[in-house]
Amino acid sequence: MNELIQESKVVSFVEHLPKTMLPFNNDLLSKASDVLKSIDFPTTRTEAWKYTRVGRIASISTANQVTREGKNLSREDINSTYQISKAGLTFVFENGVFRSDLSSGEFPVGATIKPLTGCDKDELALVGKSLQLENEVFHSMNTAFAVDGMYISIHDKAVIEAPIQLIHLITGKNTVSNLRNFIQIGKFAKAEIMQSFFALDAETSFTNVITEVNVAENAHLTINKLQYETEGNYHIATEQVDQAKDSTFTINTMTLDGTLVRNNLNIEVNGVNCMTNLHGAYVLKSNQHVDNHTIVDHKQPHCESNELYKGVMDEKSTGVFNGKVFVRKDAQKINAFQSNGNVLLSDDATVDSKPELEIYADDVKCSHGSTTGQLDEEAVFYLRARGISEKSARHLMVAAFIGDVLSKIENDEFREYTHSHLQDRFGWEF
Amino acid sequence: MISIKNLHASIDGKEILKGLNLEVKAGEVHAIMGPNGAGKSTLASVLAGREEYEITEGSVDFDGQDLLELSTEDRAREGLFLAFQYPIEIPGVSNINFLRTSLNEIRDYKGEEQISAKDFMALVREKSALVELDAKLASRSVNEGFSGGEKKRNEIFQMAMLNPKLSILDETDSGLDIDALRIVANGVNKLKTAENATIVITHYQRLLDYIVPDVVHVLYNGKIVKSGPKELALELEEKGYDWIKAEVDAQ
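Residues numbered from 1 in each chain as written. Chains lettered and ligands numbered in written order. Predicted model: local features only at pLDDT ≥ 70, side-chain atom pairs only at ≥ 80, totals over all residues. Heavy atoms only, no water.

All right, on to the pairing of strand β16 (residues 318–327) of chain A then. Residues and elements named next belong to chain A. Here β16 lies mainly inside the structure; nine of its ten residues are buried. Sheet analysis places strand β14 (residues 289–298) next to β16, joined by ten bridges and oriented parallel. Residue pairing across strands places Ile295 opposite Lys324, the latter belonging to β16. With ten bridges joining them, β16 and strand β18 (residues 350–359) adopt parallel strand pairing. Of the residues in β18, the one forming a bridge with Phe321 is Ser353. (Buried < 20%, exposed > 50% of the residue type's maximum accessible area, 1.4 Å probe, protein only. Helix = DSSP H or I, 4+ residues; strand = E, 2+ residues; numbered from the N terminus. Pairing = 2+ DSSP bridges.)

Turning our eyes to something else, we now look at the packing of aromatic side chains. All names here are of chain A. This model, assessed by the stated rule, comprises 15 aromatic pairs over all chains. Ring geometry for Phe198 and Tyr417: centres 6.5 Å apart, planes at 85°, overall edge-to-face. One end of the pair, Phe198, is in strand β7 (residues 190–203); the other, Tyr417, is in helix α9 (residues 412–426), with 219 residues separating them in the sequence. The exposure class of Phe198 is buried, given its relative accessible area of 3%. Looking at Tyr417, the relative accessible area reads 10%, which means it is buried. Both rings, one in Tyr309 and one in Phe321, keep their centres 5.2 Å apart while their planes meet at 40°; by these two values the pair is tilted. With Tyr309 in strand β15 (residues 304–313) and Phe321 in strand β16, this pair connects stretches of sequence that are twelve residues apart. The same class applies to Tyr309 as to Phe321, namely buried. Chaining the aromatic ring pairs together yields one cluster made of Phe13, Phe41, Trp49, Phe138 and Phe206. One Lys or Arg, Arg262, reaches over the ring of Trp49 and ends 3.8 Å from the middle of that ring. (Phe/Tyr/Trp six-rings, centres within 6.5 Å; stacked < 30°, edge-to-face > 60°. Lys NZ or Arg CZ within 6 Å of the ring centre and 35° of its normal.)

Before going further, it helps to examine the sheet that holds strand β5 (residues 65–66) of chain B. Residue and element names in this part refer to chain B. An order of β2-β1-β4-β5 is seen for the four strands of this open sheet, with the pairing classed as antiparallel. The strands lining the two open edges of the sheet, one partner per strand, are β2 (14–24) and β5. Direction of pairing for strand β1 (residues 2–11) relative to β2: antiparallel, over a ladder of eight bridges. For Ile11, the partnering residue across the bridge sits in β2 and is Lys14. Packed on one face of the sheet, helix α1 (residues 40–48) meets β1, β2 and β4 (54–62) and runs near 105° to β1. (Contact = heavy atoms within 4.5 Å. Axes fitted to C-alpha atoms, helices over the stretch in contact; angles between N-to-C directions.)

Our focus in this paragraph is helix α3 (residues 26–38) of chain A. Residue and element names in this part refer to chain A. Here α3 is 13 residues long and its end C-alpha atoms lie 19 Å apart, about the 18 Å a rise of 1.5 Å per residue gives. If you check which residues of α3 are buried, you get Leu28, Ala32, Val35 and Leu36. Summarising the axial view, the buried residues of α3 lie within an arc of 100°, below the 170-degree limit, and thus occupy one face. For α3, the exposed residues set more than 90 degrees away from the buried face come down to Asn26, Asp27 and Lys37. If you follow the buried residues of α3, they end up packed against α2 (9–14) and α6 (137–145). Its side-chain oxygen at 2.8 Å from the backbone nitrogen of Asp27, Asn25 defines the N-terminal cap of α3. (Expected span 1.5 Å × (residues − 1). Arc of directions from axis to C-beta. Polar contact = N/O pair within 3.5 Å; in protein donor to acceptor, adjacent residues only side chain to side chain.)

Set out below in structure tokens:
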């Protein structure tokens, strides 16, 4: 056993990372470090990681992190390139470190927004409450080595109209960025949060981000997430969400770039009459890999969840969708819908799609579906027979396919921003 | 307009068209009739440029161009239009967006300017009225959830929008009730000019009561075996195809 522990790459991976300075609960910290001492990185023999190899993350040379002074950026750079909502509040992190010089200095009435480094122990008392650490290398690593992240507390009955945008930049070589966000939406409150991830001259860098969210009674939260880190960088994200009764939670996840992107969405629906919407679009090429693992756990009756994920995979890219819906014994009258569709644009692209339903209640309406195929060649011919070039015909169809998910995004600015990035990267008109 | 000479085409090694000849001039309407399996739809597919078919012999001259050398989209841009027997449903692609792209790519090919949004919408209104296509259908996804009749009307609507030189209607009448048939035929008749031409491929004579052809051809076993005036269609309706088969087989 001792030998095994010594072989663990986790220990050598984390030994060069600075321990978190955040005032987390001591039990949480000691549990996280215990886990890290006892396990290794998951292999494809681990069911949850069957199709996603993290070997390349494990072999990042963390001892040779090329850390540098914060990038020389101005607010204008942020506004012109990364800011999605002109009306919104913008907060910038570089490699997990809060850049106050690039961030909004104003805060809306009805909300407390600050970096975690500015929080006291009481404010962070609930951090890690629902997050599983056991057998979870990345959760434990994030907990033990979190650099910083955003604390957002929307007060009861507050309605924050302007989106709160968190911009995460990763820079440098072999950078490991453990980011932790903690979000509380008060009773009857409403807010929209954007999280966008970009790489700036980064190489073999790794973002490990956890966003913990509590949506209180009758509160409404939408998260719009854009993953646009460049090739050569790795990204693992977990959203751990607790929903109280009568609440609505929506997350739109757009994955358009990056070498390896894994999204874990763990939604615990702990109250009655909740609405949960999970939408995702992923459009990748070359050797890129995306893995969306979602869990919606219906524990209470009279709730609805809608899940729609669509992907367009070109060249040698690979995709994974694993969507699990639990409907617990007492959770009657649940409507749970799940759908995953994929279009493969090349013979070398692959997708592993696994929708799963576990239903223990008897009066529920649940459906799931998964399709993976190529573009309908008959339709391509039909469009060409009307004078449309083959290239435009394919683009029209891809745009229509993915547009199904994009149309779920209510924020016009976020949708437009996604469009323009799709256009930049793939030359597609939408 | 189009001159087809000794056309041979096969699919998966099986020869379907076996030396087909056909000449259609501007201002004319030609009907091609024939029993099932004669090669009617193959002819339409080959002219539209379906790549599954291999042309082994023959030539097709389309207004001075070698049609067989052109890609499907260039054939359409040169003014060839195929009304599909089974119009394809394309979820998510709106009819409007599709037609604007189509119209603009054709204009671009001809070195013309893009159509303005205002002119385009005016054109949509005018042409959809021609086939009594509900304006709502025009903005829905291409053919998605359309009834059989609506799909065929949508084909003629597209034809009206693109204003082709040569239209080939591939069994546009099949599956239509008499009202839809009349609407579709009316649309086609209104679009007829001295400069364009129409080839109507049909299994039934009924359509030809509404779209009156200048010439009726009988396609059998991969060839045009008989051509005649519009009365030939009536004769076929009355007597079926057996007498023609017998006539051909006897030769």
